[in-house]
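Chain by chain, the residues:
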Amino acid sequence: MTTTFPDVTISTDRLVLRPFEEEDVTALTEMMNDEHVTAWTGAPHPYTPAEAHAWATRHSHAERTEGRGIVFAVTEFLTQRLVGIVHLQSTNWHTRATEVGYVTAPWARGEGYASESVLAVAQWLFRDQGFERLELRTAADNTASQQVAQKIGCISEGVLRNAWIVRTQTTDGGWTDTRTDLIVWSLVPEDLDEGDGYDGYDSYDSYDSYDGYARSTAFPQRSDANGHRVGADWN
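Residues numbered from 1 in each chain as written. Predicted model: local features only at pLDDT ≥ 70, side-chain atom pairs only at ≥ 80, totals over all residues. Heavy atoms only, no water.

Bringing the overall build of the chain into the picture now. Across its full length, the chain carries six helices and eight strands. Counting from the amino terminus, the chain carries its helices and strands in the arrangement β-β-α-α-α-β-β-β-α-β-α-β-β-α. Put simply, 69% of the contacts in the chain that link residues at least 6 apart link residues at least 24 apart. (Helix = DSSP H or I, 4+ residues; strand = E, 2+ residues; numbered from the N terminus. Contact = heavy atoms within 4.5 Å.)

What follows is the structure, given as structure tokens:
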């Protein structure tokens, strides 16, 4: 039985989804230091160039080669600018199920890039890789992430109460951990057969949505992209 995804590039009308490269380090560092990424994800703060380099050159590739999932650097087709990340993680090869997480760069929000890229990965996952379930978990207050899930056709399956931790900014500019519920969403092949769950480009992805980015078997519990335990998740 196949237990790793192929090394592939996925293209849409506006985007190219490819493996991370060393040249992405500067843009990745800038993206991961955005306040919304800090709030909704477990990325270290501040996110250093060294951490970005380790992710772009080693850790993101290990997700695929070690069978946990696959990481895509999402880039604009015309400019090749880094738009964000789509990460399949916690993959179960027996049940053909996996979980998706994503981040959108601040400059790229409001263009529908999150919906477009996640849908492209879902289509590839179901139609080319024979998977049967894609899961997404969103923090209860992350409404933009929930809108992305709805837009691509996900079905809400329920709430995991008090199950996760996000970060909120304090009056002195620091950050503090806050517990939150998680909403569980799913997408299965027949959901795409009913119309692909996507009807064009709009501004649903105004915030990043990485509520579980490194919740993979390689990094048990909550970890950042480099395997460090953190106080918030990233999807």
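From this point, things continue past the structure.
Spatially, the eight strands line up as an open sheet ordered β1-β2-β3-β4-β5-β6-β8-β7, and their pairing is mixed. Only two strands of the sheet have a single neighbouring strand rather than two, namely β1 (10–11) and β7 (155–169). Pairing between β7 and strand β8 (residues 175–187): eleven bridges, direction antiparallel. Counted as the bridge partner of Ile-155 is Ser-186 from β8. (Pairing = 2+ DSSP bridges.)

This part takes up the pattern of salt bridges. Scanning the model with the defined rule gives eight salt bridges in all. Notably, a salt bridge pairs Arg-14 with Glu-116, separated by 2.6 Å at the nearest N-O pair. Of this pair, Arg-14 sits in the loop between β1 and β2 (15–18) while Glu-116 sits in helix α4 (residues 113–127), and the two are 102 residues apart along the sequence. When the shortest N-O distance is used, the salt bridge between Glu-135 and Arg-133 registers 2.8 Å. The class of Arg-133 is partly exposed, set by a relative accessible area of 23%. When salt bridges with common partners are traced through the structure, they connect Arg-133, Glu-135, Arg-137 and Glu-157 into a single cluster. (Salt bridge = Lys/Arg side-chain N within 4 Å of Asp/Glu carboxyl O. Buried < 20%, exposed > 50% of the residue type's maximum accessible area, 1.4 Å probe, protein only.)

On the surface, a cluster of negative charge is contributed by Glu-132, Glu-190, Asp-193 and Glu-194. Within the element layout of this structure, Glu-190 appears in helix α6 (residues 189–193). The class for Glu-190 is partly exposed, based on a relative accessible area of 45%. (Patch = residues over 30% accessible without salt bridge, like charges linked within 9 Å, V, L, I, M, F, W, Y side chains within 5 Å. Areas by Shrake-Rupley, 256 points an atom, 1.4 Å probe, with all protein chains shown as cover. Lys, Arg positive; Asp, Glu negative; His and termini not counted. Charge placed at Lys NZ, Arg CZ, Asp CG, Glu CD.)

A word on the packing of aromatic side chains. Going through the model one piece at a time under the given rule, you end up with five aromatic pairs. Plain terms: the ring middles of Phe-5 and Trp-124 are 5.5 Å apart, the flat faces sit at 45° to each other, and that makes the pair tilted. Of this pair, Phe-5 sits in the segment before β1 while Trp-124 sits in helix α4; the two residues are 119 residues apart in sequence, bridging distant segments of the chain. Its relative accessible area of 1% is what places Phe-5 among the buried residues. Residue Trp-124 is classed as buried on the basis of its relative accessible area, which comes to 8%. Geometrically, the ring pair formed by Phe-5 and Phe-131 is tilted, given 5.3 Å between the ring centres and 35° between the ring planes. With Phe-5 in the segment before β1 and Phe-131 in the loop between α4 and β6 (133–139), this pair connects stretches of sequence that are 126 residues apart. Of the two residues, Phe-5 and Phe-131, neither departs from the other in class, the shared state being buried. (Phe/Tyr/Trp six-rings, centres within 6.5 Å; stacked < 30°, edge-to-face > 60°.)

Most peptide bonds adopt trans geometry, and most residues besides glycine take a negative phi value. Residue Pro-46 is bonded to the preceding His-45 through a cis peptide linkage, with omega at 0°. By secondary structure assignment, the location of Pro-46 is in the loop between α2 (35–40) and α3 (49–65). Look at Asn-162: it is not a glycine, yet its phi comes out positive at around 55°. Structurally, the position occupied by Asn-162 is in strand β7. Exposure remark for Asn-162: the relative accessible area of 44% places this residue in the partly exposed category.

Before going further, it helps to examine the side chain of Arg-167. Topologically, Arg-167 is positioned in strand β7. Salt bridges are absent for the buried Arg-167, whose nearest opposite-charge side chain, Asp-177, sits at 5.2 Å. Within the structure, the side chain of Arg-167 is placed 2.7 Å from the backbone oxygen of Ala-43, a separation counted as a polar contact. (Polar contact = N/O pair within 3.5 Å; in protein donor to acceptor, adjacent residues only side chain to side chain.)

Of all eleven residues that make up strand β4 (residues 82–92), nine are buried, and the element is covered over most of its length. Bridge analysis of strand β3 (residues 70–76) against β4 gives six bridges, and the strand direction is antiparallel. From the neighbouring strand, Thr-75 faces β4, where its bridge partner is Leu-82. Between β3 and β4, which pair antiparallel and follow one another directly, the connecting turn spans five residues, one of which, Gln-80, has a positive phi of 65°. Sheet topology places β4 next to strand β5 (residues 97–104); seven bridges connect them, and they run antiparallel. The partner of Gly-84 across the bridge, within β5, is Thr-104. From the end of β4 to the start of β5, which pair antiparallel, there are four residues, and Arg-96 there has a positive phi angle of about 55°.

The quantities given are spatial measurements derived from coordinates; they are silent on function.
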